[in-house]
Amino acid sequence: MSIRLKVILPYFLLTIVVATIGLYVITNLIATRQEERLKNQLLDAGRVVSREFSRQEKNRLTQARQIAYTEGLIQALRAGDRLALERVVRPVAESARLEEVFVIDLQGREQLHLLRNAEGALESIEGEIGMGKAAWLAPLLLATGEVSDRIWGKNPLDGRYYHYSAVTVVEGRQAAGVVVIGTALETLLPDLKNFAIADVVLYDGEGRLIASTLSVYGADLPAQDAFALNPRTLREIHESPDLVFGENFTLAGRKYSIARDVLQVGQRNLGVFGVILPLDFVISIAQDSRNNYLFLFGIIALGVVGMGYLVSRPLIVSLQKLLQASLAVAGGDLDQRTNIRTDDEIGELARTFDEMTARLQARTEELQKTYAVLEQMDRAKASFIEVAAHELRTPLTLVKGYTQMLAMKLKEEPEVSALAHGILEGAERMQEIVSSMLDVSRIDSNILKILPEDVNLGVVIGRAHTTFEQALQERNLTLTVQGVDSLPLIQADPDQLYKVFYHLLMNAIKYTPDGGRITIYGHLRENPQGEEEVEIVFSDTGIGIDPQHHSLIFEKFYQTGEVYMHSSGKTKFKGGGPGLGLAIARGIVQAHGGRIWVESPGHDEARCPGSQFFVRLPLKAKSHERDSLSAP
Ligand code: ADP
């Protein structure tokens, strides 16, 4: 993940989390506030319905009294004169647009009954309907002054529910009859709805739905039963002093909330009314506000990402410059600088990096110069070796030749002959050193000639063995040769390989104390590329080599230990040598495309941990490769 993303992403995620929580809290708050508002509106509507119903009731009673006190009513009632009664009542009923009116005498007989028919005309109902005999009217007929009462009931004439308001007709202090005004509940409801600004439903005493402003509840709708109040709810409504909030319900796809209360006028509980408000606006307000806040938070989140981008930009640009500079420096371009000049931690880091690079550059230049000087010196040394070796070879050959002649002539004089042999031995050793110097200078100048032919390594190693046969005996060392005879023939220069084995065996003899063991072990193996190669290991029980010298001993003239400690003989224990053997061995092995290295736990002349020299050679000599000397 890029740094820019690492900076911006947490901000962005945090904003989303905060926005989601905020959105949730805010929309919930709004929804709760709207629900609260809705409840208050329902409470208001309920109060309005109660008040308005009582006010209308007063009007109806006034109209009933108007009829009861009309001149001639009592006489007509007492005389049982229906026509006279109608003459008195009809004008008042017409002018007040009454829907139903009936007048009963003290026996509860309907002396006059007018009902507005479907055409809108007040029709006079002939005969007894029996409505005057209803129990609620009896107390009015027994009253000793003006009494009024009201009730809801189903009109047997048209099957509709009516609100009936009754007033006694008083003569003196006695009741002479009762005037009853009927108003269909359906006629009352629209006014109530207008005042309450809510739909209104009415239930009778048993909780049956009897009228509603919701059009779906037409009188003949089966839904009525579903909306009947169960006895428990009914009891709750009767017992509660306030409006009782009901369950929300869905009707024709709209959600509504309802609250109900008892409709009481005077002492009379007429039934239960309910006020209904749609919930849509609550939901839509919550939705609207959620959308608004969603939009707002969206903008904020974008702003945060933008700000994160702007804030992280200078930081990231600096880091990118630093990265580019460090990559360039790592790739070897030490001229690179970050050029960051800020006052913050990145600026400090960049300055330190630039300083570091400058110092590295200076040190590298110094090293390059030193290296050039060393190279020059090495070249001088190499040419000195070469010149010295060449110059020494001729006189040495002369010394050797003349000494040999001298030894022949003085054969009869043993003392002088021994001296001549001593000179000869020294000359041979010097000749050997001179030829080693020549070998090294050939290797150094890459002119070592390899003349490959089929070589039996067993034979070459046997030659080296024979060379040191006497030395091994003198030093009481055991040499075991294993596996080399079964090795396949390899393409190599046998004389050069002889030199390799010569030096390795000579070293093993030199650095192994008397009575020790030397093993030469050869086997065929496969290299990582799947090619076959031979491996010859020279293992001894000698003084061992410290790991820190493992690669250095292959450099020319490199010797561990103190030179003056060396004894003089080339096969004596810790005998001296010019420090060229391993450099020659490495040069020859590498010229064959092989590798050579040493493994030893360390240098210890008391415990003698021993050393193992590994030589790997391809079956076919490859072109010269400079190879690492460490173990593969
Ligand atoms: P020289 O033997 O002439 O000193 P070489 O190049 O043959 O030079 O060896 C370099 C050094 O490596 C030796 O001086 C010696 O310290 C160490 N060395 C080589 N072979 C062995 C060995 N088999 N055991 C311990 N040390 C060894």
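What this report covers is the structure whose coordinates are included nearby. The shown structure was predicted, so the numbers you read here are calculated from the model rather than taken from an experiment. (Residues numbered from 1 in each chain as written. Predicted model: local features only at pLDDT ≥ 70, side-chain atom pairs only at ≥ 80, totals over all residues. Heavy atoms only, no water.)

The secondary structure content of the protein amounts to 14 helices and 19 strands. Relative to the compact-globule value of 26 Å for 632 residues, the protein shows a C-alpha radius of gyration of 64 Å, a clear excess of over 25%. Judged by the C-alpha coordinates and their principal axes, the protein covers about 200 × 55 × 45 Å. Looking at the protein residue by residue over its 632 residues, the buried ones come to 42%. Within the protein, residue pairs in contact and separated by at least 24 positions form 65% of the contacts whose partners lie at least 6 positions apart. Total accessible area on the protein stands at roughly 34500 Å², and carbon and sulfur atoms take up 56% of it. Taking the average location of the 66 positive side-chain charges in the protein and that of its 79 negative ones, the two points are 3 Å from each other. (Helix = DSSP H or I, 4+ residues; strand = E, 2+ residues; numbered from the N terminus. Rg over C-alpha atoms; globule rule 2.2 N^0.38 Å. Buried < 20%, exposed > 50% of the residue type's maximum accessible area, 1.4 Å probe, protein only. Contact = heavy atoms within 4.5 Å. Areas by Shrake-Rupley, 256 points an atom, 1.4 Å probe, with all protein chains shown as cover. Lys, Arg positive; Asp, Glu negative; His and termini not counted. Charge placed at Lys NZ, Arg CZ, Asp CG, Glu CD.)

Time to look at the sheet that holds strand β6 (residues 174-184). Read across the sheet, six strands follow the order β3-β2-β1-β6-β5-β4 without closing on themselves; strand pairing throughout is antiparallel. Looking along the sheet, the strands with just one partner apiece sit at the ends: β3 (122-124) and β4 (148-154). Averaged over all adjacent pairs, the angle separating strand axes in this sheet is 20°, with direction ignored. Seen against the sheet, helix α3 (residues 82-95) touches β1 (100-105), β2 (110-116) and β3 and runs at an angle of roughly 35° to β2. Contacting β4, β5 (161-171) and β6, helix α5 (residues 185-196) crosses the sheet at an angle of about 65° to β6. (Pairing = 2+ DSSP bridges. Axes fitted to C-alpha atoms, helices over the stretch in contact; angles between N-to-C directions.)

Counting buried positions along strand β11 (residues 254-265) yields nine of twelve residues, so the element is predominantly enclosed. One ladder, built from two bridges, connects strand β9 (residues 244-245) with β11; its direction is antiparallel. Along β11, the bridge assignment pairs F245 with A259. As defined by bridge partners, strand β10 (residues 249-251) adjoins β11 across three bridges and the pair is classed as antiparallel. The partner of T250 across the bridge, within β11, is K255. Where β10 folds back onto β11 in an antiparallel hairpin, the turn is made up of two residues, including A252, whose phi is positive at roughly 50°. Looking at chain direction, β11 and strand β12 (residues 268-278) are connected through ten bridges and run antiparallel. From the neighbouring strand, S257 faces β12, where its bridge partner is L277. Joining the antiparallel neighbours β11 and β12 is a turn of two residues, in which G266 adopts a positive phi near 60°.

With mixed pairing, five strands are arranged side by side in an open sheet as β14-β16-β17-β19-β18. In this open sheet, the two edge strands, each paired with only one partner strand, are β14 (478-482) and β18 (595-599). Averaged over neighbouring strand pairs, the angle between their axes works out to 15° when direction is ignored. In this sheet, strand β19 (residues 612-618) lies alongside β18 in antiparallel orientation, the contact comprising five bridges. In the sheet register, V598 faces β19, and the bridge partner there is F613.

Another point: the side chain of T512. Note on placement: T512 falls in the loop between α13 (494-510) and β16 (517-526). The exposure class of T512 is buried, given its relative accessible area of 0%. A distance of 2.5 Å separates a polar atom in the side chain of T512 from the backbone oxygen of A508. Excluding its chain neighbours within four sequence positions, the residues that come into contact with T512 are R475, L477, R517, D540, T541, G542 and F573. (Polar contact = N/O pair within 3.5 Å; in protein donor to acceptor, adjacent residues only side chain to side chain.)

Tallying each qualifying case throughout the model produces one cavity of 30 Å³ or more. Of the pockets and cavities examined, the largest cavity occupies roughly 30 Å³. Lining the largest cavity, in full, are R160, Y161, A184, L185, E186, I210 and A211. Counting residues per element, the ones that place at least two in the lining of the largest cavity are α5 and β8 (209-212). Its residues assigned to classes, the lining of the largest cavity shows five nonpolar, no polar and two charged. (1 Å grid on protein atoms, 1.4 Å probe; cavity = no way out; pocket = protein on both sides within 12 Å on 5 of 7 lines; lining within 4 Å. Points joined across faces, edges and corners; volume = space filled by probe spheres on them. Nonpolar A, V, L, I, M, F, W, Y, C, P; charged D, E, K, R; others polar.)

A separate point is the packing of aromatic side chains. Taken as a whole and judged by the stated rule, the model has ten aromatic pairs. Seen in terms of ring centroids, F468 and Y502 are 5.0 Å apart; in terms of plane orientation they differ by 40°. Their pairing is tilted. Within this pair, whereas F468 is found in the loop between α11 (457-467) and α12 (469-474), its partner Y502 is found in helix α13, the two being separated by 34 residues in sequence. On the basis of relative accessibility, which here comes to 8%, the residue Y502 falls in the buried class. Ring centres 5.8 Å apart and planes at 45° place the aromatic pair Y498 and Y502 in the tilted group. Remark: Y502 and Y498 occur in helix α13; sequence separation between them is four residues, near one turn of the helix. A connected cluster of aromatic rings, assembled from ring pairs, spans F102, Y162 and Y164. (Phe/Tyr/Trp six-rings, centres within 6.5 Å; stacked < 30°, edge-to-face > 60°.)

Okay, the packing of helix α10 (residues 414-444) against helix α14 (residues 581-591) next. The description of two packed helices rests on the angle between their axes and on the distance between the axes. At a closest axis distance of 9 Å, the pairing of α10 and α14 adopts a crossing angle of 45°. Comparing their axes, α14 and α10 come out oblique. Relative to α14, the crossing made by α10 is left-handed. Here S436, D439, V440 and I443 of α10 come into contact with α14, specifically with A583, I584, G587 and I588. When its residues are assigned to classes, the contact of α10 with α14 shows five nonpolar, two polar and one charged. (Parallel < 35°, antiparallel > 145°, perpendicular 65-115°, else oblique. Left-handed = near helix turned anticlockwise from the far one by under 90°.)

On to the pattern of salt bridges. Applying the stated criterion across every chain, the model contains 34 salt bridges. Close ionic contact of D149 with R150 constitutes a salt bridge, the shortest N to O distance being 4.0 Å. With its nearest N and O atoms 2.5 Å apart, the salt bridge here joins R475 to D514. Here R475 is found in the loop between α12 and β14, whereas its partner D514 is found in the loop between α13 and β16, with 39 residues between them in sequence. By relative accessible area, D514 is classed as exposed at 52%. Overlapping salt bridges bring together E57, R60, D149, R150 and R268 as one network. (Salt bridge = Lys/Arg side-chain N within 4 Å of Asp/Glu carboxyl O.)

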